[in-house]
Amino acid sequence: MTAPDDGETRSLAPKPGILDIAPYIGGEHSVPGVNRVFRLASNENTAGPSPKARAAYIATAGEIHRYPDGSSERLRTAIGKAHGLDPARIVCGAGSDELIQLLTKAYAGVGDEVLYSQYGFLLYPIAAKSVGATPVAAPEAGLRTDVDAVLARVTERTRIVFIANPNNPTGSYLPQDEMRRLHAGLPRDVLLVLDAAYAEYVEEADYDCGVELVDAADNVVMSRTFSKIYALAGLRLGWLYGSPGIVDVIHRIRGPFNVGLAAQEAGVAAIADEAFVTASRAAATRWRGWLTDALRALGLTVHPSVANFVLVRFPAEPGRDAAAALAFLKTRGILVRGVGGYGLPDCVRVTVGGEEECRVVAAALGDFVAHRG
Ligand SMILES: *Cc1c(COP(=O)(O)O)cnc(C)c1O
């Protein structure tokens, strides 16, 4: 029997690992005293979504007293049709964030290791810690996932390997043969998660978003999002494609109505609007090239990117460094992303917006580099 006063000395605490998590901080979106703000800190498609997706979203207004379809069937069918995939092997989620969290919860726990690449997406170590697992980072060479370094860190405790391809914040990607080599080197009881949030932007012929590996093996899953090229970040919508076994597991632990009605309807319309995706990709490629050239002409180092953002490196000199650039851009109402949290304190990540935004950023950094204003 517990003594009645025992409760006095106890205090509420979360599970081990939770308090080790540094909360994810999203990109800033306002600057006090500045009316016109250029939001280039979160890799959104600044042009906004397909008008068809917006119309579909608005059309749901009369139905929001109803629960959504818990199986997101129409949406899974539309995604399957657009990508040539079996809808039964697709699971939708409230952003790919949710799916990453669910995969981690399902396949890793206390005492396990979750492996990711050194400059990989910050959500992976957060998800690992949230289930009490240990995040393990494999070092990168040249800001690119190093397959040999990842494989060298696999132990018998490794349960999940997360690879963002292309990766955020570096913008680099792994070609299909490197990804195959990574998978071939993993034990069959390790889950390989290919996070292809930026897949729609990639034009390189040697890139595969992950479908090939998912189809070939039952320990691979691909995650996708409507937050980037589809410009629906505010609705929270993502999906995964995996083996029947993985799909079954995620259905068991997801919330029964994890994707809202408006998100499902907007997603159906968005994925059918292929012309919108094609135009968005072409614009991103064009203005990424323009911005890269413009910033290099200023003497800045711009890491090659295949996505809708670029990683820019500044000199280590006080007043000329990345922190000074962030502060300077903010005075002009331009919000870009500091990536010190990724271990890249000398870099900033700039979302590639449209023409006006790219010109505004390049002009402002021109002034910064020239010590003007
Ligand atoms: C933006 C991003 C996502 C998408 O997250 P959502 O939850 O779908 O908005 C996933 N992975 C990476 C690497 C990203 O940069």
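Because the structure is a prediction, the values reported are computed rather than measured.

### A word on the pattern of salt bridges
Within the structure shown, the criterion is met by 14 salt bridges. Between Arg313 and Asp346 there is a salt bridge, and its shortest N-O distance comes to 2.6 Å. A residue pair is termed long-range when its members are at least 10 positions apart, and Arg313 in strand E10 (residues 309–313) and Asp346 in the loop between strand E12 (337–338) and strand E13 (347–351) qualify at 33 residues. Judged by relative accessible area, Asp346 falls into the partly exposed class, the value being 26%. Between Glu355 and Arg359 there is a salt bridge, with the nearest N and O atoms lying 2.8 Å from each other. In this pair, Glu355 and Arg359 both sit in helix H12 (residues 355–369), four residues apart, roughly one turn of the helix. Taking the relative accessible area as the measure of exposure, Glu355 reaches 38% and is therefore partly exposed. The partly exposed category is assigned to Arg359, whose relative accessible area is 41%. Salt bridges linked by common partners bring Asp148, Glu178 and Arg181 together as one network.

### Points about the site of the ligand
Taken together, 13 residues lie near the ligand, and Asp195, Thr225, Ser227, Lys228 and Arg236 sit nearest. Within the backbone of Ser96, a nitrogen or oxygen atom sits 2.7 Å from an oxygen atom of the ligand. At three residues, helix H3 (residues 95–107) tops the list of elements feeding residues into the shell around the ligand. Tallied by class, the residues present in the shell around the ligand amount to four nonpolar, five polar and four charged.

### So, the sheet that holds strand E3 (residues 113–117)
Pairing is mixed across the open sheet formed by seven strands, whose spatial order is E2-E8-E7-E6-E5-E3-E4. Strand pairing shows two members of the sheet lacking a second neighbour, strand E2 (90–93) and strand E4 (134–138), which therefore form its edges. Across the sheet, the axes of successive neighbouring strands diverge by a mean angle of 20°, strand direction being ignored. Both E3 and E4 contribute to a ladder of five bridges, which runs parallel. If you follow Glu113 over to E4, its bridge partner there is Thr134.

### Some details on the domain arrangement of the protein
For the protein, the domain assignment lists domain 1 (24–48 + 275–372) and domain 2 (51–272). Domain 1 puts 27 residues into the contact, and the matching count from domain 2 is 28 residues. In terms of surface lost to domain 2, no three residues of domain 1 exceed Tyr24, Val306 and Tyr342, which account for 29% of the buried area on that side. At the junction of domain 1 and domain 2, the tally comes to zero salt bridges. Here domain 1 is connected to domain 2 by eight residue pairs in polar contact (both at pLDDT 80 or more). Those elements giving two or more residues to the side of domain 1 that touches domain 2 turn out to be helix H10 (274–297) and E10.

Reading guide: rules and limits
Residues numbered from 1 in each chain as written. Predicted model: local features only at pLDDT ≥ 70, side-chain atom pairs only at ≥ 80, totals over all residues. Heavy atoms only, no water. Salt bridge = Lys/Arg side-chain N within 4 Å of Asp/Glu carboxyl O. Helix = DSSP H or I, 4+ residues; strand = E, 2+ residues; numbered from the N terminus. Buried < 20%, exposed > 50% of the residue type's maximum accessible area, 1.4 Å probe, protein only. Near = heavy atom within 4 Å. Polar contact = N/O pair within 3.5 Å; in protein donor to acceptor, adjacent residues only side chain to side chain. Nonpolar A, V, L, I, M, F, W, Y, C, P; charged D, E, K, R; others polar. Pairing = 2+ DSSP bridges. Axes fitted to C-alpha atoms, helices over the stretch in contact; angles between N-to-C directions. Domains from an automatic or database assignment. Contact = heavy atoms within 4.5 Å. Buried area = accessible area lost by both parts, 1.4 Å probe.

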